[in-house]
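# Examining the three-dimensional arrangement
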Amino acid sequence: GINAEYGQAFVKQSGHFGLCFDSNFGFRTNWQVGETDGRCLLDKSFKAVVSTQSTGISDAANMFSLLLIVSVLSPALVQATDSYGLIQFPGVVYVKPGDTFTLSCLSDYGGAVKIFVPGEDVPSEETIMEISERLDQPSQKTIYAIEVENASATDSGTYTCVVNHGPGITPAYTMATSTINVVDLCEGVVCDEATYETCTSNYETGAAECGCEMECDPMNFDPVCSDTCEQQWSPCAMRERTCLDKIPRNVLSTGFCPTITEPTTRTLNNDGSMDITIIEGEQITLASGLVTDGVPAAEVKWRLFSETGELIELADAGRYSYEFTPVISGMYEATLTHCRNTQKAVVNRYQVTVEPAQGEPTTTPTPTTTPYIDPDNIEVLEGANYVCSIYPAGVVETFSASADPYDMACSHVLASDVFNGGDYTNPWFIYGTFDKMDGETSLASMTIHIGANGFEIKRGWSVNVGFGENPVMELVEGGKQSIGESGCTAVVAYLHLVIDCPAFTIHYDGIFAGHILLKGSGPTTQAFVKQSGHFGLCFDSNFGFRTNWQVGETDGRCLLDKSFSSCSEVMDSVCDLYIGTPPVLPDAQLPWDTTGSGAVTACHELNCGAPAPDLSLAMCSMEQAWWYGYLLKFQEPADALILEDVQVCASHDLCEWVAMVVKRGCPQKNPPIPAQCM
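Summary of the structure given here. (Residues numbered from 1 in each chain as written. Predicted model: local features only at pLDDT ≥ 70, side-chain atom pairs only at ≥ 80, totals over all residues. Heavy atoms only, no water.)

Scanning the protein chain from terminus to terminus reveals 6 helices and 36 strands. Expressed as a percentage of the 678 residues in the protein chain, the buried residues total 44%. Summarising the internal contacts of the protein chain: among those between residues at least 6 apart in sequence, 64% fall at separations of at least 24. Looking at the protein chain as shown, the accessible area adds up to about 35,300 Å², and 51% of this sits on carbon and sulfur atoms. (Helix = DSSP H or I, 4+ residues; strand = E, 2+ residues; numbered from the N terminus. Buried < 20%, exposed > 50% of the residue type's maximum accessible area, 1.4 Å probe, protein only. Contact = heavy atoms within 4.5 Å. Areas by Shrake-Rupley, 256 points an atom, 1.4 Å probe, with all protein chains shown as cover.)

Printed below as a string of structure tokens:
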């Protein structure tokens, strides 16, 4: 009904309202009426795209020939600013190859806006200033945008936005750059395929990470039993569980899991290890440790760690045993795992040494007939020290020089004084922990408690203080160190770990045997008298509440053999060599006329019946304990010995013995090896 004259601009009247007239909105954004929530909720981040260009856009025309599109934007889309120079242009943008991206340049005070693509020459400052001076339209809120479809690596680069602000505005123009990275963010990201991880990219932050995006359908009921013995509702759910907890799983069977039954297993010598020496060409049988199989069947895996460091998978080994003829030395390891439970896995290791076939093999080394101790060449004390010696095969020679064999399983009280020097508030205890080494009972560690302080010495000449950043002391051969606040010191000297405490001294050979010397009462010619505060095997065989003064765990691997008895065979031709005649002491009232009763008893026990396949280490340790105990008893023990005086035994030289002790002991970063053996 309006008869507008041709060419006359439209003039809005006072009664005109709505988007068709202008963008001056009413009470609501965009002249919206009625419902404004839910499906009717407006997108506050909406931005206008006013110019489109396809991949490979190029515009070398003069800026005045460009299509200049100016839009007056809603305040909801433009951040107000008092700075003429501020423009909104993204700094870094990540784009997935093949996607479409829009790059917008927005200014509150724009007269002319232009985005220059990578490779396009940006006008000089003089040119841009000239354009600004020639603008004759006022500055206003302005947006300029380009759209790139099917983005590729050729679209990556630096985009430059130039805004001319128009007349009367300072600065006359503003320039900003945006770096576009068209890249597959997951390229080069390695995810764990074994646990079904997938790469997830975030193009807003430019980051990519491995995650678990399974999107399993909860309505898909397809039960499977995993080889971890867990019921899963579907293969997808199993993969999702694996991805989340990183425990590898495979489908054991479809449907529901069977009734799970644990296998029966056995651990070698309580600690899972055994040393075997054979002659080249001999056949041996190694037990995996599996006694009866479980449901599902246990996984048995055999491996060989050769002396050259090579790892060999033994696929032909049996589940229950491995019978073969070794050709190379190394550690043969059997690992038994049920339901993929590695925490409860049973590992048995055999250190197999293959020696050349030269002569007949021997199982028991022949002791040398040359005595290690020559009493005529020893500076003897005017008396003797009270010494308790713990020999291989579980033999204890007491402070009174009597010797008995015991069935040792786990931990036992060796010696204690609960009224230490008459002070019941500062008692001391020495516990011995025993295991099997080469099939024979050996002293694996000793735990010492003095008042409120405690520490442990372990096989391989190591001291475990159990606190701080370095719970294992780093010892140096010949270097004495203090052990916390215990009042004790530790030093590795003359092939023994020597622990010197106020009331006693411990000498441990690091593999089989040890000695305890009581201070404050020797040297003396008086027989040892047990006091009311003395307890333990080193005093006598009057046990406490448990057999053999056993403490701690008493079941399973720690169960004592109630039928244990000492060897009744007579082997004087082999073992009487270890009886030595002590020096004659003035006014002797000693209960011992000979020394070495513990060595003789240990020798009998080691060689009784069918001896272990390899007694070389046990016999060597026994010989050392024999002469070392003699020296502690009748000679100054503290610093009188030097390493050159130390003899090992007939079957091992010094450095060979050191290497054996370190190898069998607890791992140490820098073992206390004598300088001449490095």
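Now that the structure is up, let's keep going.
Scanning the model with the defined rule gives 10 disulfides in all. There is a disulfide in this structure between cysteine 212 and cysteine 243, and the S-S distance comes to 2.0 Å. On the S-S bond that ties cysteine 212 to cysteine 243, the torsion sits near -90°, and the link is left-handed. In this pair, cysteine 212 is assigned in the loop between strand 9 (207-211) and strand 10 (224-226) and cysteine 243 in helix 2 (residues 235-245), connecting sequence segments 31 residues apart. Look at cysteine 212 and you get partly exposed, because its relative accessible area is 23%. A residue is classified by how much of its surface remains accessible, and cysteine 243, at 0% relative accessible area, is buried. A disulfide bridge connects cysteine 225 with cysteine 257, and the sulfur atoms are separated by 2.1 Å. (Disulfide = S-S within 2.5 Å.)

Our next topic: the pattern of salt bridges. Counted by the stated rule, this structure contains 17 salt bridges. A salt bridge links glutamate 197 to lysine 246; the nearest nitrogen and oxygen atoms lie 2.3 Å apart. Placement of glutamate 197 in the loop between strand 7 (173-182) and strand 8 (198-202) and of lysine 246 in the loop between helix 2 and strand 12 (251-254) is noted, with a sequence separation of 49 residues between them. Judged by its relative accessible area of 18%, glutamate 197 falls in the buried class. A residue is classified by how much of its surface remains accessible, and lysine 246, at 38% relative accessible area, is partly exposed. Here aspartate 540 and lysine 530 are joined by a salt bridge, their closest N and O atoms 2.9 Å apart. Highlighted residues: aspartate 540 in the loop between strand 35 (534-535) and strand 36 (550-551) and lysine 530 in the loop between strand 34 (514-518) and strand 35, separated in sequence by 10 residues. Overall, the relative accessible area of 18% leaves aspartate 540 in the buried class. Connected through shared salt-bridge partners, Glu230, Arg241, Asp245 and Arg249 make up one network. (Salt bridge = Lys/Arg side-chain N within 4 Å of Asp/Glu carboxyl O.)

Among the nonpolar cores identified, the biggest contains 68 residues, and Phe399, Ile457, Val463, Ile499, Phe504 and Ile516 are the most heavily contacted of them. Once you skip the residues sitting within four places of it in the chain, valine 463 turns out to touch Phe455, Glu456, Ile457, Pro471, Val472, Met473, Leu475, Ile483, Ala490, Leu497 and Ile499. Counting residues in hydrophobic clusters, the runner-up holds 21 residues, among them Leu268, Ile276, Ala334 and Tyr350. (Core = buried A, V, L, I, M, F, W, Y, C linked by side-chain atoms within 4.5 Å.)

On to a nonpolar patch on the surface, then. On the surface, a cluster of nonpolar side chains totalling about 400 Å² of accessible area is made up of Phe221, Trp233 and Phe256. You can see phenylalanine 221 is positioned in the loop between strand 9 and strand 10. (Patch = residues over 30% accessible without salt bridge, like charges linked within 9 Å, V, L, I, M, F, W, Y side chains within 5 Å.)

For the rest of this paragraph, the subject is the pairing of strand 9. Relative to strand 9, strand 8 runs antiparallel, the two sharing 5 bridges. Paired with cysteine 199 across the strands is cysteine 210, a residue of strand 9. In sequence, strand 8 turns back onto strand 9 through a hairpin of 4 residues, with glycine 206 there showing a positive phi of about 75°. (Pairing = 2+ DSSP bridges.)

This next bit is on the side chain of serine 288. Structurally, serine 288 is set in the loop between strand 15 (284-287) and strand 16 (290-292). By relative accessible area, which is 0% here, serine 288 ends up buried. Those residues in contact with serine 288, other than ones at most four positions away along the chain, are Val300, Trp302, Arg319, Tyr320, Ser321, Ala334, Leu336 and Asn348.

Here we take up the sheet that holds strand 10. To summarise the sheet geometry, strands pair through backbone hydrogen bonds and adopt either a parallel or an antiparallel arrangement. With antiparallel pairing, 3 strands are arranged side by side in an open sheet as 11-10-12. At either margin of the open sheet sits one strand with a lone partner, and together these are strand 11 (231-232) and strand 12. Here 3 bridges tie strand 10 to strand 12, and the two strands are oriented antiparallel to one another. The residue bridging cysteine 225 from the neighbouring strand is serine 253, located in strand 12.

In this section: the packing of aromatic side chains. If you walk through the whole model with that rule in mind, you get 12 aromatic pairs. Here the aromatic rings of phenylalanine 535 and tryptophan 549 are separated by 5.8 Å at their centres, their planes lie at 65°, and the arrangement is edge-to-face. A residue pair is termed long-range when its members are at least 10 positions apart, and phenylalanine 535 in strand 35 and tryptophan 549 in the loop between strand 35 and strand 36 qualify at 14 residues. A relative accessible area of 13% places tryptophan 549 in the buried class. (Phe/Tyr/Trp six-rings, centres within 6.5 Å; stacked < 30°, edge-to-face > 60°.)

Before going further, it helps to spend a moment on helix 1 (residues 125-134). Among the residues of helix 1, those classed as buried are Ile128, Ile131 and Ser132. Take helix 1 and look down its axis: the buried residues cluster within an arc of 100°, on one side only. Facing away from the buried side of helix 1 by more than 90 degrees, the exposed set consists of Glu126, Glu133 and Arg134. Looking at the buried side of helix 1, the elements it contacts are strand 6 (157-164) and strand 7. (Arc of directions from axis to C-beta.)

We now examine the side chain of threonine 142. Examined against the element boundaries, threonine 142 turns out to sit in strand 5 (residues 140-148). A distance of 3.2 Å separates a polar atom in the side chain of threonine 142 from the backbone oxygen of glycine 110. (Polar contact = N/O pair within 3.5 Å; in protein donor to acceptor, adjacent residues only side chain to side chain.)

Further remarks concern the sheet that holds strand 3 (residues 101-110). Across the sheet, 3 strands lie side by side as 1-3-5; this open sheet has antiparallel pairing. For this open sheet the edge positions go to strand 1 (87-88) and strand 5, each flanked by a neighbour on one side alone.

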